[in-house]
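# Summary of the model geometry
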Amino acid sequence: MTPFHFRHNCKTRAKAIACIAVLLMAVLLVFLYGGIATRRLSFGTEDRDANAKPEKNIDTNLHSISIGVALSFHAGKQREKARTWIERELLAGHPCQKLQKNVTLFIINENLKELEKTRERFIPLLSRAKVANCFPDVVFAHTSLKKEEDSYPKGASLHALRALHLIHAKTNVAFTFVVEPDVISIQNYWVDRLRYVIETHNELIGDEEGLWMLGSYPRGLLPSKQAIAQLLHLNGNAIYNTGSHIFDSFLSLVQANIIHVTSPDKKILSALQTSPPGNAFEVDIATMFLHPMFNAFLIQHAHRYIASSFIQNKWRSKWSESNLLKDSPKTYLVHGGAQLKRDFLYA
């Protein structure tokens, strides 16, 4: 199998950033006011043991919406943690109750060399029937990070944005749940719940475009005097509309730092966001939504940016499973923080 990947000439973009900013804005406005293109590129690569068979007596899920779960990680630093995640969440855990259709598991690394190592080590795990029941298709992909791009935090942010564009451009997966190796499930059948959450919110939104991003605001302890985008951003471990051309164009503007390049009033930017542009793409997304330059865009699409208890971001906080479920019984996954084995009293 040849893994698909997205090549991006950053040097060219860096030189032309001032010129393409206006072009990108124009493209977004065309999509915003001119409707939604419906043509999609279909791509899929299956990595399965030919002899692996689904378990018997499991009802078939005939839902038509194509969804994905993307385990996205820096292989050079997090491969073992990702392997542990697969063993814990997909093999020891119970991610789905029904035999799934139209569900893809993406394994996404930073470059081809690291991806080949990951694929060699992960195929024996992912070929097992229990994984196949939940994820009929497994796709390995990389984001072609160059050595000079591969630094934290900017490299991680660039990797995340390229991964989303990659899924949009090369697959027919409509909605993708991106997870990192420190995401923990606290209830069974979270893949079934994932589909339910997507379909329910799309029904409530009531149009063909549907939700764009669904995830968790910071639910842990934050330093005082945070800028508004730091407080109201959705953590990157979230559900994304990878079938939307409008949202993909919006994320291209985020990647190009369009607000920071074109905004005449830097005081507005400093009030919205304290982190440097490109350090945290989730904060950059919130800044785009909240900036006055995008007021018309916000009015049209703010309802597609959804905070949900399906996953909670507990960064910089301690939490226990029983207390969390007592307060939020519809939470299925938790990202970050320190999980306590025993209950504790809230301060």
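The structure under discussion appears in the preceding block.
In this report, we go over the structure that sits alongside the text. (Residues numbered from 1 in each chain as written. Predicted model: local features only at pLDDT ≥ 70, side-chain atom pairs only at ≥ 80, totals over all residues. Heavy atoms only, no water.)

Next up on the list: the pairing of strand β3 (residues 103–109). Within β3, seven of the seven residues are buried, leaving the element largely enclosed by the surrounding structure. Both faces of β3 are covered, namely the face carrying V103, L105, I107 and N109 and the face carrying T104, F106 and I108. Pairing analysis gives six bridges linking strand β2 (residues 67–72) to β3, with the strands arranged parallel. Bridge pairing links G68 to T104 in β3. Of the crossover connections in this fold, the one passing from β2 over helix α2 (residues 75–92) to the parallel β3 is right-handed. Note: β3 against strand β4 (residues 137–142), six bridges, orientation parallel. Looking across to β4, one finds that I108 is bridged to A141. (Buried < 20%, exposed > 50% of the residue type's maximum accessible area, 1.4 Å probe, protein only. Helix = DSSP H or I, 4+ residues; strand = E, 2+ residues; numbered from the N terminus. Pairing = 2+ DSSP bridges. Right-handed = clockwise from strand over helix to strand, strands pointing away.)

What follows concerns helix α6 (residues 190–205). For α6, which comprises 16 residues, the first-to-last C-alpha distance of 22 Å matches the rise-based estimate of 22 Å (1.5 Å per residue) to within 8%. Turning to α6, its buried residues are W190, V191, D192, R193, L194, R195, V197, I198, N202 and I205. Taken from the residues just after α6, G206 is the one with a positive phi, measuring 85°. (Expected span 1.5 Å × (residues − 1).)

Our next topic: helix α3 (residues 112–126). Because the α-helix completes a turn every 3.6 residues, residues three or four places apart line up on one side. In α3, a bend of some 35° at E120 exceeds every other bend along the element, and P124, a proline, comes one to four places later. Of the residues making up α3, those classed as buried are E114, L115, T118, F122, L125 and L126. Against α2, β3, α4 (129–134) and β4 lie the buried residues of α3. Its side-chain oxygen placed 3.2 Å from the backbone nitrogen of K113, N111 serves as the N-cap of α3. (Bend = angle between axes of the 7 residues up to and from the residue. Contact = heavy atoms within 4.5 Å. Polar contact = N/O pair within 3.5 Å; in protein donor to acceptor, adjacent residues only side chain to side chain.)

Here N202 is to be found in helix α6. Within the local environment of N202, its side chain forms a polar contact with the backbone nitrogen of L211, the two atoms lying 2.9 Å apart. The contacts of N202, once residues within four sequence positions are left out, are F175, D207, G210 and L211.

The next thing to look at is the state of the cysteines. Under the counting rule described, the total for this entry stands at one disulfide. Each disulfide pairs two cysteine sulfurs, and for C96 the partner residue is C134, the sulfurs being separated by 1.8 Å. Given an S-S torsion of about -95°, the disulfide between C96 and C134 has left-handed geometry. Placement of the pair is C96 in the loop between α2 and β3 and C134 in helix α4, with a sequence separation of 38 residues. Like C134, C96 is buried. (Disulfide = S-S within 2.5 Å.)

Tallying each qualifying case throughout the model produces 14 aromatic pairs. Each ring, one from F177 and one from W190, has its centre 6.4 Å from the other, and the planes form 65°; the classification is edge-to-face. One end of the pair, F177, is in strand β5 (residues 175–179); the other, W190, is in helix α6, and 13 residues separate them in sequence. Each member of the pair, F177 as well as W190, carries the same accessibility label: buried. Note on F289 and Y305: the rings are 5.0 Å apart at their centroids and 50° apart in plane angle, and the pair reads as tilted. Placement of F289 in helix α11 (residues 281–290) and of Y305 in strand β9 (residues 305–307) is noted, with a sequence separation of 16 residues between them. Across this residue pair, the class does not change: F289 and Y305 are buried. Feature note: the residues W212, F247, F250, F289, F294, F297 and Y305 constitute an aromatic cluster, connected by ring pairs. (Phe/Tyr/Trp six-rings, centres within 6.5 Å; stacked < 30°, edge-to-face > 60°.)

Bringing the environment of T331 into the picture now. Position of T331 relative to the elements: it lies in the loop between α13 (321–327) and β12 (333–335). For T331, a relative accessible area of 0% translates into the label buried. Sequence-wise, T331 and F310 are 21 residues apart; in three dimensions their C-alpha atoms are separated by 4.5 Å. If sequence neighbours within four positions are ignored, T331 has contacts with I186, Q187, S309, F310, Q312, L324 and L325. Reaching out from T331, the side chain makes a polar contact with the side chain of Q312 at a distance of 3.0 Å.

For the rest of this paragraph, the subject is the sheet that holds β12. Pairing is mixed across the open sheet formed by three strands, whose spatial order is β6-β12-β10. Either end of the sheet is taken by a strand with one partner, and the two such strands are β6 (183–185) and β10 (311–313). The average undirected angle you get between the axes of adjacent strands in this sheet is 20°. Where β6 and β12 come together, three bridges link them in antiparallel fashion. Bridge assignment links I184 to a residue of β12, and that residue is V334. (Axes fitted to C-alpha atoms, helices over the stretch in contact; angles between N-to-C directions.)

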